[in-house]
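Listed below, chain by chain, are the residues.
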Amino acid sequence: DDQIERERASQHLAGGCCALAAIYLMGKFYVANAGDSRAIIIRNGEIIPMSREFTPETERQRLQFLALLRPELLGKEFTHLEFPRRIQPKELGKKMLYRDQNMNGWAYKKIEEDDLKFPLVFGEGKKARMMATIGVTRGLGDHDLKVFSSNIHIKPFLSCFPEVRVYDLTQYEHCPDDVLVLGTDGLWDVTNDKEVAGVVMEVLTSYEPNDPCRYTMVAQELVVRSRGVLKERGWRLANDKLGSGDDISVFVIPLGGPGNYT
């Protein structure tokens, strides 16, 4: 992240990206995630999460706590409090549900003038945004990103530090069908963990256990199914729902057995 900041002027680069890394070291997989990509292990049909997405929703309390400590970062345009919906001026003095950096649930408070500001975190699911701008809260870069039509920098709220999870390969006897799947959000936007596991098992069983291309074919099939087919109404999945409009990158890594080509 520091290198991107140093080179952004000389390389004329702007923007940022998420990062998901898997490192094999001394019998263990270390999976590090900064962003909204996802990693899962599929072992004997069981799904084992190896990451979690970092979004304005999942990191709401961290973001609100930073805003509380450094209110100048909000530029007098935002409030660190969260409300179920935008508050109207006519609701001043009335009671409304809210939550702050210490709360998982909701409580009531009397609406004040500051509460009319736009919430630091607003929206739900894929529509959730921080400062009405960005939908992911960890990653690399974005040093120059600002709130639209303002001089409010967003970088102070973005973290480049990943969450790391460890999986000990020596604790289990792995077969050729046990894999680690790494995918960008373009995959997970339209395909859940169970569906991914289903595709993994479907494709792997159609190849010999010692065929090294079987894992590449799983990754290819996951990309194709998540993108869908181009029709008059855009990219559509097999169930006619919208296909992924985001970039889709997938790695499928074998964990053991004859198919483990190290």
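Please read these numbers as outputs of a predicted model, since none were measured by experiment.

Definitions and cut-offs
Residues numbered from 1 in each chain as written. Predicted model: local features only at pLDDT ≥ 70, side-chain atom pairs only at ≥ 80, totals over all residues. Heavy atoms only, no water. Helix = DSSP H or I, 4+ residues; strand = E, 2+ residues; numbered from the N terminus. Buried < 20%, exposed > 50% of the residue type's maximum accessible area, 1.4 Å probe, protein only. Phe/Tyr/Trp six-rings, centres within 6.5 Å; stacked < 30°, edge-to-face > 60°. Lys NZ or Arg CZ within 6 Å of the ring centre and 35° of its normal. Domains from an automatic or database assignment. Contact = heavy atoms within 4.5 Å. Buried area = accessible area lost by both parts, 1.4 Å probe. Salt bridge = Lys/Arg side-chain N within 4 Å of Asp/Glu carboxyl O.

K.L.:
Break down unusual backbone geometry for me, citing the residues and quoting the values.
P.N.:
At Met26, a residue that is not glycine, the phi angle is positive and equals roughly 50 degrees. Here Met26 is to be found in the loop between β2 (19-25) and β3 (28-34). Residue classification places Met26 among the exposed residues on the basis of a relative accessible area of 77%. The phi torsion at Ser149 lies on the positive side, around 55 degrees, for a residue other than glycine. The exposure class of Ser149 is exposed, given its relative accessible area of 68%.

K.L.:
Lay out the packing of aromatic side chains with the relevant residues and their values.
P.N.:
By the definition in use, this model includes four aromatic pairs. With 6.1 Å between their ring centres and 90 degrees between their planes, Phe78 and Phe118 make a pair best called edge-to-face. A residue pair is termed long-range when its members are at least 10 positions apart, and Phe78 in strand β6 (residues 78-79) and Phe118 in strand β9 (residues 118-119) qualify at 40 residues. Looking at Phe78, the relative accessible area reads 6%, which means it is buried. Taking relative accessible area as the criterion, Phe118 reaches 22% and is therefore assigned partly exposed. Between Tyr167 and Tyr172 the ring centres are 5.9 Å apart and the planes differ by 10 degrees, which places this aromatic pair in the stacked class. Take Tyr167: its relative accessible area is 5%, and that puts it in the buried class. Residue class for Tyr172 comes out partly exposed when judged on its relative accessible area of 41%. Three or more aromatic residues link up through ring pairs in this structure, and these residues are Phe78, Phe118 and Phe122. The ring of Tyr172 carries the charged tip of Arg43 above its face, separated from the ring centre by 3.6 Å. The ring of Phe54 has Arg138 lying over it, and the distance from NZ or CZ to the ring centre is 4.1 Å.

K.L.:
Let's hear about the environment of Arg227: which residues, and what values?
P.N.:
The topology assignment puts Arg227 in helix α5 (residues 213-227). Separated by 40 residues in sequence, Arg227 and Leu187 have C-alpha atoms that sit 8.2 Å apart.

K.L.:
I'd love a proper account of the domain arrangement of the protein chain, names of residues and values included.
P.N.:
Domain parsing of the protein chain yields domain 1 (1-52 + 162-254) and domain 2 (59-157). Distance between the C-alpha centres of domain 1 and domain 2: 31 Å. Taken together, the contact between domain 1 and domain 2 spans 15 residues of the former and ten residues of the latter. Summed over both partners, the interface of domain 1 with domain 2 comes to about 1100 Å²; 52% of that surface belongs to carbon and sulfur atoms. Broken down residue by residue, the surface that domain 1 buries against domain 2 is led by Asp1, Arg8 and Cys17, which jointly contribute 35%. Our enumeration of links across domain 1 and domain 2 arrives at four salt bridges.

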